[in-house]
Amino acid sequence: MLRSTEESVSFVPNSHSSRLFLPSTAKVGKTSLIMSLVSEEFPDVVPYRAEEITIPADVTPERVPTHIVDYSGTLSSLLFCIKCMSWSYTCHLLVLIQGCLCVSRVPLILVGNKSDLVEHSSMETILPIMNQYSEIETCVECSAKNLKNISELFYYAQKAVLHPTGPLYCPEKKDMKPLCVKALTRIFKVSDLDNDGILNDNELNFFQRTCFNTPLEPQALEDVKNVVRKNLSDGVCDNGLTLKGFLFLHTLFIQRGRHETTWTVLRRFGYDDDLELNQDYLFPPLKVPPGCTTELNHNAYLFLQSVFDKHDKDRDCALSPEELGDLFDVFPYMPWGPDVNNTVCTNDQGWITYQGYLSQWTLTTYLDVQRCLEYLGYLGYSIVAEQESHSQTDPLMAVCVTRDKKIDLQKKQTQRSVFRCNVFGDIGSGKSGFLQAFLGSNLMVNGNKHLNAYLSYYAISTTYVYGQEKYLLLHEVFPDFDYLSDADLACDIVCLVYDVSNPYSFEYCAKVFKQYFMDSKTPCMMIAAKSDLPEIKQMYGCSPLEFCRRHKMPPPQSFTCNTAAGPNRDIYTKLTTMAMYPHVSQADLKSSTFWLRASVGATVFAVLGFAMYRVLLKPR
């Protein structure tokens, strides 16, 4: 019944130290046990109680400092602090165990001390008790006098703290517990790099290097698979390990007393003692100073591209609902709701395209970087990236914090890739249609499919300015003039939308501009929406054209999404360009040559980028 000590894994778990308490009744020898461990000889004089002993990390097998406490308190004060129990086999044993287990779920070890005073083993007496309570990790007979099993006792005690069996395994069912199965299933899916449901030799070595910093020899790989083949008919498929085979191996490890192996795997993939992902793993602290924004870096995009490729099984450059569900199967919940289909580009079937997929990740990073880091944690970003780069990868390295926008204005240049455009306009002015047109939708072809059911106030996609791919994030601001927040006003460019067929529509835009943006350095653009309808004179003191001229804005831009063809995207290129170059003069903004230079090659780059993805997709 004792746990095997054949394999000792050297790593530091989530807890920084282990604290072992030795409570008991009087004169069972617990103080002698501690003294014998420290001095390696039986003490001639035993004190009433030993002082707390600290064993340094570098001399313990698990590389964790261990604090040993000689406890002589009353039973009621022990219920929350028992880690190791030293006890003579008396009739009080069951009473103490039952009292402890009613309150505390910490692992226990039964120690039969003074074994030198008896001629036979008492294990047969204690084993039924051990089998009755799953919290009891093991039982040990020892002797402080002749130093029998002293060091082994404290090794098992430390192991019980660091690698408890309780959270992993149910002895009654002789199987792993559901939480353990769930965690190992996620680990299997993260390690299954090609998403074929099998861990091939390369993926098994990826897993081995990730957890134990060393690959397996070819013969060792075959030995592992042969063990699974022998015990499980569907544990190996196409010479690779299936999920059932993977779970069987860990069940075998635990049953053979090698549960430290399973704990090493779980902790390497971010799990704590309760088999939940660590908060530090999911939410690494990131400080974003005022005026700065957050974006994904090149390596993070490469990782996300590989995740997309892994789940786009039919190679149509879009994720069907089934493929998207499979991608997020490693999450505890579905992170994207149906409104995503009105936030990013989709194909004719309403499935998120490759471009839309990356756009949604970009949006999440910009609006809620901590949520993005959480999502990357579920996908195993730091683990996969570390193996690919052969160096330790901090999850924060997926994100770059841009410099303060004020510095960009001073230097008249920016390195940012994501620009926010807040869209203002009265009810019915055409703001929602303006956002959807950016994603390629129009009223005539696509109508308002999904729009009413799952309305989104965001739309994000790519534009090209001077041949550079940038993300433009459109945010529709709710038209409540008296309750505009700082978030509603914080942006790189303002878009003021009015309905040319409604004589009272422009007034709202004029009021918003005068109250909030007339004295700011944020560039603004006026959009004359629904330009396919007859234009009606606006009931305002001056015309929209004259208003723009007075306030040094570009003239109103005509726009409609009521066309047979896809909506014209030039206006979005103009918005992105103004956001990138807020210092550009009014004279330049009026120049057609300026806009021609800014938008040159946009279509070419968009088509080329998509074509390159399809070419790179074929070999994979």
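Not measured: the values here are computed from a predicted model.

A. Representation of the overall build of the protein chain in the model. Counting secondary structure elements, the protein chain contains 24 helices and 21 strands. The burial tally for the protein chain puts 51% of its 620 residues in the buried class. With an accessible surface of roughly 29,600 Å², the protein chain has 54% of that area assigned to carbon and sulfur atoms.

B. View of helix H5 (residues 178-191). Across its 14 residues, H5 extends 20 Å between first and last C-alpha, which sits within 8% of the 20 Å expected from 1.5 Å per residue. Buried residues of H5: Cys-180, Ala-183, Leu-184, Thr-185, Arg-186, Ile-187, Phe-188, Val-190 and Ser-191, and no others.

C. Broad picture of the packing of aromatic side chains. For the structure on display, the rule yields 26 aromatic pairs. Judged by centre distance (6.4 Å) and plane angle (5 degrees), the ring pair of Tyr-301 and Tyr-471 falls under stacked. Taken together, the residues Tyr-301 in helix H11 (residues 298-311) and Tyr-471 in strand S18 (residues 468-476) connect sequence positions 170 residues apart. As far as burial versus exposure is concerned, Tyr-301 and Tyr-471 are alike and both buried.

D. How the structure looks around the packing of helix H6 (residues 201-212) against helix H9 (residues 259-268). Contact geometry for H6 and H9: axes closest at 9 Å, N-to-C directions at 90 degrees. Taken together, the axes of H6 and H9 lie roughly perpendicular to each other. For the pair H6 and H9, contact is made by Phe-207, Thr-210, Cys-211 and Phe-212 and by Thr-261, Thr-264, Val-265 and Arg-268, respectively. Grouping the constituent residues of the contact of H6 with H9 by class yields 4 nonpolar, 3 polar and 1 charged.

E. Examining the side chain of Thr-577 more closely. Residue placement: Thr-577 occurs in helix H21 (residues 570-580). On the accessibility criterion, Thr-577 (0% relative accessible area) is buried. Among the polar contacts made by the side chain of Thr-577, one reaches the main-chain carbonyl oxygen of Thr-573 at a distance of 2.7 Å.

F. Region of interest: the nonpolar core. Formed by 74 residues in total, the largest nonpolar core has its most connected members in Tyr-357 and Trp-361. Those residues in contact with Trp-361 that sit more than four places away from it in its chain are Leu-296, Leu-304, Trp-336, Cys-372, Tyr-375, Leu-376 and Leu-379. If you look at the next biggest cluster of nonpolar residues, it comprises 27 residues, including Leu-435, Phe-438, Cys-561 and Leu-575.

G. Focus on the state of the cysteines. One pass over the full model with this rule turns up 0 disulfides. No disulfide involves Cys-421; its sulfur sits 4.6 Å from that of Cys-495, the nearest cysteine. Cys-491 supplies the cysteine sulfur nearest to Cys-524, a cysteine that is in no disulfide, at a spacing of 7.6 Å. Taking the relative accessible area as the measure of exposure, Cys-524 reaches 5% and is therefore buried.

H. Inspection of unusual backbone geometry at higher detail. Here the phi dihedral of Cys-317 falls at roughly 60 degrees; this positive angle occurs in a residue that is not glycine. Mapped onto the elements of the fold, Cys-317 is located in the loop between H11 and strand S13 (318-319).

I. How the structure looks around the UniProt feature "domain: EF-hand" (unreviewed entry) in the protein chain. As recorded in UniProt, the feature "domain: EF-hand" (unreviewed entry) lies at residues 299-334. Measuring from the first to the last C-alpha atom of residues 299-334 gives 24 Å, for a span that is 56% helix and 6% strand.

J. Looking closely at a nonpolar patch on the surface. A grouping of Leu-455, Tyr-457 and Phe-478 is seen on the molecular surface, where their side chains present a nonpolar patch of about 300 Å² in accessible area. Mapped onto the elements of the fold, Phe-478 is located in the loop between S18 and helix H18 (486-489). Overall, Phe-478 belongs to the exposed group, its relative accessible area being 56%.

K. Region of interest: H6. Between its first and last C-alpha, H6 extends 16 Å over 12 residues, near the 16 Å set by a 1.5 Å rise per residue. Looking only at H6, the buried set comprises Glu-203, Leu-204, Asn-205, Phe-206, Phe-207, Gln-208, Thr-210 and Cys-211. Trailing H6 by a residue or two, Asn-213 shows a phi angle of about 60 degrees, which is positive.

L. The sheet that holds strand S21 (residues 557-558), seen in detail. The strand order across the open sheet formed by 6 strands is S17-S18-S16-S19-S20-S21, and the pairing between neighbours is mixed. Where the open sheet ends on each side, the last strands, each with one partner, are strand S17 (458-465) and S21. Pairing of strand S16 (residues 418-425) with strand S19 (residues 493-499), which is carried by 5 bridges, proceeds in the parallel orientation. Pairing of Val-423 across the sheet is with Cys-495, part of S19. Across the face of the sheet, helix H19 (residues 505-517) comes into contact with S16, S19 and strand S20 (524-529) while running at roughly 160 degrees to S19.

M. Seen up close, the sheet that holds strand S10 (residues 236-237). Taken in spatial order, the 3 strands line up as S9-S11-S10 in an open sheet, and their pairing is antiparallel. At either end of the open sheet lies a strand with only one pairing partner, and these are strand S9 (198-199) and S10.

N. Up close: the confidence of the model for the protein chain. Model confidence for the protein chain is summarised by a mean pLDDT of 80, while 72% of its residues fall at 70 or above. Here residues 1-15 is a poorly scored stretch, pLDDT under 50, and it has 46 contacts once near neighbours within four places are set aside; other chains count.

O. Spotlight on the pairing of S16. A large share of S16 lies buried, amounting to 8 of its 8 residues. As paired strands, S16 and S18 are joined by 6 bridges and run parallel to one another. Note that in S18 the partner of Phe-419 across the bridge is Leu-472.

P. The arrangement of the pattern of salt bridges in detail. If you walk through the whole model with that rule in mind, you get 17 salt bridges. Between Asp-234 and Lys-244 there is a salt bridge, with the nearest N and O atoms lying 3.0 Å from each other. In this pair, Asp-234 is assigned in the loop between helix H7 (218-231) and S10 and Lys-244 in helix H8 (residues 243-255), connecting sequence segments 10 residues apart. In this structure Asp-234 comes out as partly exposed when scored by relative accessible area, which is 34%. Within this structure, Arg-403, Lys-405, Asp-408, Arg-416 and Asp-492 form a network of salt bridges that share partners.

Rules and cut-offs
- Residues numbered from 1 in each chain as written.
- Predicted model: local features only at pLDDT ≥ 70, side-chain atom pairs only at ≥ 80, totals over all residues.
- Heavy atoms only, no water.
- Helix = DSSP H or I, 4+ residues; strand = E, 2+ residues; numbered from the N terminus.
- Buried < 20%, exposed > 50% of the residue type's maximum accessible area, 1.4 Å probe, protein only.
- Areas by Shrake-Rupley, 256 points an atom, 1.4 Å probe, with all protein chains shown as cover.
- Expected span 1.5 Å × (residues − 1).
- Phe/Tyr/Trp six-rings, centres within 6.5 Å; stacked < 30°, edge-to-face > 60°.
- Axes fitted to C-alpha atoms, helices over the stretch in contact; angles between N-to-C directions.
- Parallel < 35°, antiparallel > 145°, perpendicular 65-115°, else oblique.
- Contact = heavy atoms within 4.5 Å.
- Nonpolar A, V, L, I, M, F, W, Y, C, P; charged D, E, K, R; others polar.
- Polar contact = N/O pair within 3.5 Å; in protein donor to acceptor, adjacent residues only side chain to side chain.
- Core = buried A, V, L, I, M, F, W, Y, C linked by side-chain atoms within 4.5 Å.
- Disulfide = S-S within 2.5 Å.
- UniProt positions renumbered as here; feature names shortened; annotations may be inferred.
- Patch = residues over 30% accessible without salt bridge, like charges linked within 9 Å, V, L, I, M, F, W, Y side chains within 5 Å.
- Salt bridge = Lys/Arg side-chain N within 4 Å of Asp/Glu carboxyl O.
- Pairing = 2+ DSSP bridges.
- pLDDT = per-residue confidence, 0-100.

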